[in-house]
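Take a look at the letters that make up each chain.
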Amino acid sequence: MSDRSFLDWPFFDDHHRHLAEELDGWCAKNLPVDHSDVDQACKDLVAKLGAAGFLTYSAIDPDNPQPLDVRSLCLIRETLARHDGLADFAFAMQGLGTGAISFFGTPEQQQWLHKTRSGQALSAFALSEPRSGSDVANMDMQAVLDGDHYLLNGEKTWISNGGIADLYCVFARTGEAPGARGLSAFLVPAETPGLTVKERLEVIAPHPLATLSFKDVKIPATALIGQSGQGFKLSMAVLDVFRSTVGAAALGFARRALDETVNRVQNRELFGAPLFDLQMVQGHVAEMALDVDAAALLVYRAAWTKDNGADRVTREAAMAKLYATDRAQVVIDKAVQLHGGDGVRSGSVVEGLYREIRALRIYEGASDVQKVVIARQTLNG
Ligand SMILES: Cc1cc2nc3c(=O)[nH]c(=O)nc-3n(C[C@H](O)[C@H](O)[C@H](O)COP(=O)(O)OP(=O)(O)OC[C@H]3O[C@@H](n4cnc5c(N)ncnc54)[C@H](O)[C@@H]3O)c2cc1C
């Protein structure tokens with residue numbers, strides 16, 4: 001049983017505690033799922049999470065718009081990640097893919113949210129390109145306004161849910177100004193002619209990922225999300241909310257690694273006594289527990305700050321993501337070590353966590369980029 005004492009921290013209200021308990025019970029019954037067909041697994045997970053009501057936290061309700069509850073988003077991601085990385089991924093993409101629509105969409109665009117919140121449609125966030133991952137301002141993809149429509153041409157890569165999403169939030173250059181000031185965001189339904197999957201991408205922890213090609217993709221001018229030329233700001237506002245939740249997912253992986261380790265060192269006999277009797281092992285476990293609690297404090301501090309009305313939480317979210325993902329890598333590595341050969345056996349829980357955690361230190365701003373963000377925020381006060 002995982003440590004639940006953090007739920008008593010003052011960051012949370014009773015409804016957060018109830019949500020965490022309810023979801024934990026749901027996870028125990030429904031997770032992990034079979035990962036042999038990740039596309040089908042993700043579609044099924046979204047449908048199930050939608051039917052159970054958990055996706056209502058992923059986007060605003062168009063009929064009763066309220067700010068997203070970032071603490072709930074983090075609690076859900078932490079809990080799902082502790083049970084099954086693919087379930088966390090499926091949930092996370094419903095929020096990231098629709099974040100721009102939740103925060104800046106027109107009432108007409110927000111009608112999509114009824115479908116994504118109920119699990120009837122999958123969404124994706126298409127920002128990265130072959131030449132512009134960390135360097136978003138270097139984006140090549142063009143959106144040219146021609147009367148009442150835009151024509152999109154270019155390529156997006158590393159797109160989670162690429163090929164299975166029903167709608168894409170796509171960023172492209174509209175050219176109002178050079179660099180970051182000439183980008184805009186668009187809502188593009190998957191069936192729009194000219195939008196195709198160029199390549200599927202295989203990674204160490206399999207997820208639906210693709211490179212997408214856009215050839216004369218014609219979308220109405222009303223597909224523009226927010227203001228023309230404000231796409232970079234808009235993408236950063238979305239990441240400001242969802243970055244803390246990446247930290248929360250890492251926290252879930254780390255907590256699971258700690259749980260597995262506690263169980264292992266208590267039950268594995270070495271030199272005539274439980275492994276836990278060795279003081280060096282106790283030292284590892286202590287460091288793992290410390291990292292988990294410190295990551296949780298940073299993640300839920302960022303979420304609480306946003307929920308309590310902060311306009312931006314750039315510094316807090318960067319710290320939460322950087323610390324929680326980097327330290328989860330260390331926690332999981334220790335878990336693998338303390339499991340001995342079983343730690344690297346294909347299919348073991350800690351082996352899966354070891355593969356799952358790595359990408360979180362790269363996407364939504366690599367660890368190095370978070371350091372740049374924190375340094376700038378610190379220097380500028
Ligand atoms: C599993 C996975 C899922 C993804 N899902 C999505 C998605 O759904 N949508 C989407 O748009 N993108 C997605 N991405 C793309 C992701 O956001 C990029 O991979 C990431 O931004 C890094 O870009 P890059 O791969 O081009 O690496 P690069 O930009 O080439 O960077 C390589 C490395 O250089 C270092 N670096 C970069 N900038 C700096 C700096 N300023 N200072 C110091 N060091 C630096 C970092 O170590 C970085 O990892 C996903 C990626 C992965 C791996």
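Just so we're clear, the structure is a prediction, and the values are computed from it rather than from any experiment.

Can you walk me through the site of the ligand in this structure?
In the vicinity of the ligand there are 18 residues, among which F125, S128, S134, W158 and D368 approach most closely. The contact in question runs from an oxygen atom of the ligand to an N or O atom on the side chain of S134, over 2.7 Å. With respect to the ligand, the side chain of D368 contributes an N or O atom lying 2.5 Å from an oxygen atom. Bound to the protein, the ligand loses 65% of the 960 Å² it would expose on its own. At the level of elements, β1 (123-126), β3 (149-160) and α12 (367-380) are the ones that each hand at least two residues to the shell around the ligand. Class assignment for the residues of the shell around the ligand results in twelve nonpolar, four polar and two charged.

Help me out: how do you make sense of the side chain of S244 in this one?
Note on placement: S244 falls in helix α8 (residues 231-267). In contact with S244, other than residues within four places in its own chain, are C74, V299, A302 and A317.

When you look at α8 in this model, what are you seeing that I'm missing?
Along an α-helix, residues three or four positions apart point the same way, because every turn accommodates 3.6 residues. With 37 residues, α8 ought to run about 54 Å at 1.5 Å a step, and its terminal C-alpha atoms sit 53 Å apart, in line with that. The sharpest bend along α8 reaches about 35° and sits at D240. Taken across its 37 residues, α8 has 27 buried, putting it largely inside the fold.

Sorry, what's going on with the packing of aromatic side chains here?
What describes a pair of aromatic rings is the distance from one ring centre to the other and the angle between the planes of the rings. For the structure shown, the criterion picks out ten aromatic pairs. Three or more aromatic residues link up through ring pairs in this structure, and these residues are F6, W9, F11, F12, Y300 and W304. Positioned above the aromatic ring of W112, the side-chain terminus of K115 is 5.8 Å from the ring centre. Of note, R255 hangs over the ring of F6, and the distance from its end group to the ring centre comes to 4.2 Å.

Could you clarify how one ought to interpret the packing of helix α3 (residues 70-83) against helix α4 (residues 85-96) in this entry?
For any two helices packed against each other, one specifies the crossing angle of their axes together with the interaxial distance. As a packed pair, α3 and α4 sit with axes 7 Å apart at the nearest point and diverge in direction by 150°. Taken together, the axis directions place α3 and α4 in an arrangement best described as roughly antiparallel. From α3, L73, I76, R77, L80 and A81 reach across to α4, where they touch G85, A87, D88, F91 and A92. Considered class by class, the residues forming the contact of α3 with α4 number seven nonpolar, one polar and two charged.

Analysis parameters
Residues numbered from 1 in each chain as written. Predicted model: local features only at pLDDT ≥ 70, side-chain atom pairs only at ≥ 80, totals over all residues. Heavy atoms only, no water. Near = heavy atom within 4 Å. Polar contact = N/O pair within 3.5 Å; in protein donor to acceptor, adjacent residues only side chain to side chain. Areas by Shrake-Rupley, 256 points an atom, 1.4 Å probe, with all protein chains shown as cover. Helix = DSSP H or I, 4+ residues; strand = E, 2+ residues; numbered from the N terminus. Nonpolar A, V, L, I, M, F, W, Y, C, P; charged D, E, K, R; others polar. Contact = heavy atoms within 4.5 Å. Expected span 1.5 Å × (residues − 1). Bend = angle between axes of the 7 residues up to and from the residue. Buried < 20%, exposed > 50% of the residue type's maximum accessible area, 1.4 Å probe, protein only. Phe/Tyr/Trp six-rings, centres within 6.5 Å; stacked < 30°, edge-to-face > 60°. Lys NZ or Arg CZ within 6 Å of the ring centre and 35° of its normal. Axes fitted to C-alpha atoms, helices over the stretch in contact; angles between N-to-C directions. Parallel < 35°, antiparallel > 145°, perpendicular 65-115°, else oblique.

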